[in-house]
Every structure is written in C-alpha cells, then in structure tokens.
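Topology and contacts: notes
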Amino acid sequence: MLLVSRTPPVALAFGVMAAYGPVALVRGRARGRRRQLAEVWPEAVDNLASAVRAGLSLPEALSQLGERGPTPLRPAFASFGRDYLVSGRFGDCLDRLKVALSDPVGDRVVESLRIAREVGGGDLGRLLRTLSRFLRDDARTRSELESRQAWVVNGARLAAASPWVVLFALSFQPDVIGRYRSAAGVAVLVIGAAGCAIAYRLMVRLGRLPDERRVLQ
C-alpha cells in the first residue's frame, strides 16, 4: 500500500487491518470446528449407546469411536483408547480426552459419562439416548438461529469494508490520496477507523449468537 499510495498514514491503516487477518482466520476456524463438532456429537453418542447395548463396557465403547465414530472425533478417541490401554485409569483418561477435544459440548458429554460410570446402574443406555436427543435439538435450534442472524453479520462486514474499498480505489489517484498526509487527513483516517471498528463490533455482537464456553473443563 505504501508503494501504491505513497501515503504512510494510509499504508499504516491497511497494515493494521492486514495484521488482524491471521487472528480473524484463527477465530473463524475455531468457530467452524465447534460447529462441525456440534453436528457430529449426536451421532457419536448414538454409537456409544449402540455399543453399550451390544454389551461393551463404557471404556471399550469410547475406544471404538476412534475407529467407527465420526471422522472429526476419531483422533481424540483413538488417543483415549491407547491411553486407557496403557494406564487403565478411566477418570484420568477422561480428563485428557477433554483436553484433546477442547470443546464445550465434549465437556458435557464427558462429564455425563463420568457420572454414569461412578454412579453405576442400568440407566446408562437411557442417559445416552436422552443426551443424544438433547444435543440434536440444541444443534438444530442453534443452526436455525445462526441462519436467521447471518444477514446481520454479513451486513456488518459489508458496511465496515465499503469505506476501505473506496480508500483503496482512491490510492491510485495521487492528487486525492496525497491529502491524507496532512494532519487533517490523519485525523479523518483515525476517526473513520475507530468508527468502523466500534460499529462493526456492535453489529456483530448484536447479530451473532454467543459462543459456548467451556464451563466444565
């Protein structure tokens, strides 16, 4: 941008936005991963319920998810199977499984299984079926809300990006972009950037559902 515009304040503004790019990319991938895991957890719990009905113990049922479970969850459960085979300590293996998953839904599932293991009894199958139904309803409701709120988030992104697209186009006009070298031009850039950032954060906060937090980690 410095080579194109020959205007250091403009180049600095675009540099700050570019520096935020990796952070936004990582956050977007994290949200995508949580969304993907939320969609496959009901299937994983159904597999657990089927394995328990077939006569497998709970550790064996969890271990077989490393081979037959949903693809995004297989590495974590395969690691659990190896860990349990070596140590035989179910509680410690569950703790390490939670760390490997790093997922709020996974925390709820793991703690439910821990309680079922410690309490015992014949209600494990019913607990797993209830948990699967709850997770499926929760994922469906959240997906519907996200689809309805998507236009607000996309509108915020478009509104925040539009002034900077115009500024980028003006960078090819030396007589116009050169005015941003003055103190008044720098003030316009700073005020505009602050206004865009504040408005974007407010619109995104109002339009996006809050991310689930790991309260059971």
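Preceding this section is the structure that the text describes.
Residues numbered from 1 in each chain as written. Predicted model: local features only at pLDDT ≥ 70, side-chain atom pairs only at ≥ 80, totals over all residues. Heavy atoms only, no water.

As for the overall build of the protein
Applicable threshold: Only DSSP runs of H or I covering at least 4 residues are called helices, and only runs of E covering at least 2 are called strands; the numbering of each starts at the N terminus. To get the radius of gyration, use the C-alpha atoms; to get the globule rule, take the number of residues to the power 0.38 and multiply by 2.2 Å. A simple rule labels every residue: compare its accessible area, found with a 1.4 Å probe on the protein chains alone, to the largest value its type can have, and call it buried under 20%, exposed over 50%, or partly exposed in between. For accessible areas, the Shrake-Rupley method is used with a probe of radius 1.4 Å. Any residue's cover is judged against the shown protein chains and nothing else. Charged-residue counts in this description rest on Lys and Arg as positive and Asp and Glu as negative, His and the chain ends being excluded. To locate a charge, the coordinates of NZ of Lys, CZ of Arg, CG of Asp or CD of Glu are taken.
Along the backbone of the protein there are nine helices and zero strands. When the elements of the protein are put in sequence order from the N terminus, they spell out α-α-α-α-α-α-α-α-α. Against the globule reference of 17 Å for 217 residues, the protein gives a C-alpha radius of gyration of 25 Å, more extended than a compact globule. Along the first, second and third principal axes, the C-alpha atoms of the protein reach 80 × 35 × 25 Å. Within the protein, the proportion of its 217 residues that are buried is 32%. Of the roughly 13,300 Å² that the protein leaves accessible, carbon and sulfur atoms contribute 61%. Of note, the protein has its 32 positive side-chain charges centred 7 Å away from the centre of its 20 negative side-chain charges.

Notes on helix α7 (residues 124–170)
Test applied: In this scheme, a helix's expected span is set at 1.5 Å multiplied by one less than its residue total. What we call the bend at a residue is the angle made by axes fitted to the seven residues finishing there and the seven residues starting there.
Here α7 spans 65 Å end to end across 47 residues, near enough to the 69 Å set by a 1.5 Å rise per residue. Along α7, the sharpest change in direction is near 40 degrees and occurs at Gln149. Along α7, the residues classified as buried are Leu124, Gly125, Leu128, Leu131, Ser132, Leu135, Val152, Val153, Ala156, Ala160, Trp164 and Leu167.

So, the packing of helix α4 (residues 74–87) against helix α5 (residues 90–101)
To keep it simple, the criterion reads: Axis angles are defined between N-to-C directions and span 0 to 180 degrees, where every axis is a line fitted to C-alpha atoms and, for a helix, only to the segment in contact. Roughly parallel means an angle under 35 degrees; roughly antiparallel, over 145; roughly perpendicular, 65 to 115; everything else is oblique. Two helices crossing with the near one rotated counterclockwise from the far one by less than a right angle form a left-handed crossing, whereas a clockwise rotation gives a right-handed crossing. What makes two residues a contact is simply this: any of their non-hydrogen atoms within 4.5 Å. Residues are sorted three ways: Asp, Glu, Lys and Arg are charged, Ala, Val, Leu, Ile, Met, Phe, Trp, Tyr, Cys and Pro are nonpolar, and all the rest, Gly among them, are polar.
Put simply, α4 and α5 touch, their axes get as near as 9 Å, and they point 155 degrees apart. By the angle class used here, α4 and α5 are roughly antiparallel. Classified by chirality, the crossing of α5 by α4 is right-handed. In this structure, α4 uses Ala76, Phe77, Phe80, Asp83, Tyr84 and Ser87 to contact α5, whose residues at the interface are Phe90, Cys93, Leu94, Arg96, Leu97, Ala100 and Leu101. By residue class, the composition of the contact of α4 with α5 is 10 nonpolar, one polar and two charged.

Remarks on the side chain of Asp103
The test is simple: Salt bridge, as used here, is a side-chain nitrogen of Lys or Arg placed within 4 Å of a carboxyl oxygen of Asp or Glu. The term polar contact refers here to a pair of N or O atoms within 3.5 Å; inside protein, the definition further demands a hydrogen-donor-capable atom paired with an acceptor-capable atom, and it admits residues adjacent in sequence only when both atoms are side-chain atoms.
Looking at the secondary structure, you find Asp103 in the loop between α5 and α6 (104–119). It turns out Asp103 is buried and unbridged, and the closest side chain with the opposite charge, Arg33, is 5.1 Å from it. A polar contact is formed between the side chain of Asp103 and the backbone nitrogen of Val105, at a distance of 3.3 Å. A polar atom in the side chain of Asp103 sits 2.9 Å from the backbone nitrogen of Gly106.

Details of the nonpolar core
To keep things clear, this is the line we draw: What we call a nonpolar core is a set of buried Ala, Val, Leu, Ile, Met, Phe, Trp, Tyr and Cys residues that are connected through their side-chain atoms within 4.5 Å.
In terms of nonpolar packing, the biggest core is built from 31 residues, with Trp41, Leu62, Leu73, Leu97, Val109 and Leu128 touching the most fellow members. Those elements that provide at least two residues to this core are α2 (8–53), α3 (58–68), α4, α5, α6 and α7. Here this core gets nine residues from one element, more than from any other, and that element is α2. Once you skip the residues sitting within four places of it in the chain, Leu62 turns out to touch Leu48, Phe77, Phe80, Phe90, Leu94 and Leu113. Grouped together as the second largest cluster of nonpolar side chains are nine residues, Ala13, Phe14, Trp164 and Leu167 included.

A word on the packing of aromatic side chains
Just so we agree on the cut-off: Whether two aromatic rings pair depends on their centres lying within 6.5 Å, for rings of Phe, Tyr and Trp, where Trp uses its six-membered ring; planes under 30 degrees apart make the pair stacked, over 60 edge-to-face, and the rest tilted.
Taken as a whole and assessed by the stated rule, the structure comprises seven aromatic pairs. Their ring planes at 75 degrees and their centres at 6.0 Å tell us that Trp41 and Phe77 sit as a pair that is edge-to-face. Of this pair, Trp41 sits in helix α2 while Phe77 sits in helix α4; the two residues are 36 residues apart in sequence, bridging distant segments of the chain. Here the two residues Trp41 and Phe77 agree in accessibility, since each one is buried. Both rings, one in Tyr84 and one in Phe90, keep their centres 6.3 Å apart while their planes meet at 85 degrees; by these two values the pair is edge-to-face.

Observations regarding the pattern of salt bridges
Overall, the coordinates contain six salt bridges when judged by the stated rule. Between Asp83 and Arg96 there is a salt bridge, and its shortest N-O distance comes to 2.4 Å. Of this pair, Asp83 sits in helix α4 while Arg96 sits in helix α5; the two residues are 13 residues apart in sequence, bridging distant segments of the chain. Judged by its relative accessible area of 19%, Asp83 falls in the buried class. Residue class for Arg96 comes out partly exposed when judged on its relative accessible area of 42%. Measuring nitrogen to oxygen at the nearest pair gives 2.6 Å for the salt bridge that ties Glu111 to Lys98. Here Glu111, found in helix α6, pairs with Lys98, found in helix α5; they are 13 residues apart in sequence, far enough to count as distant.

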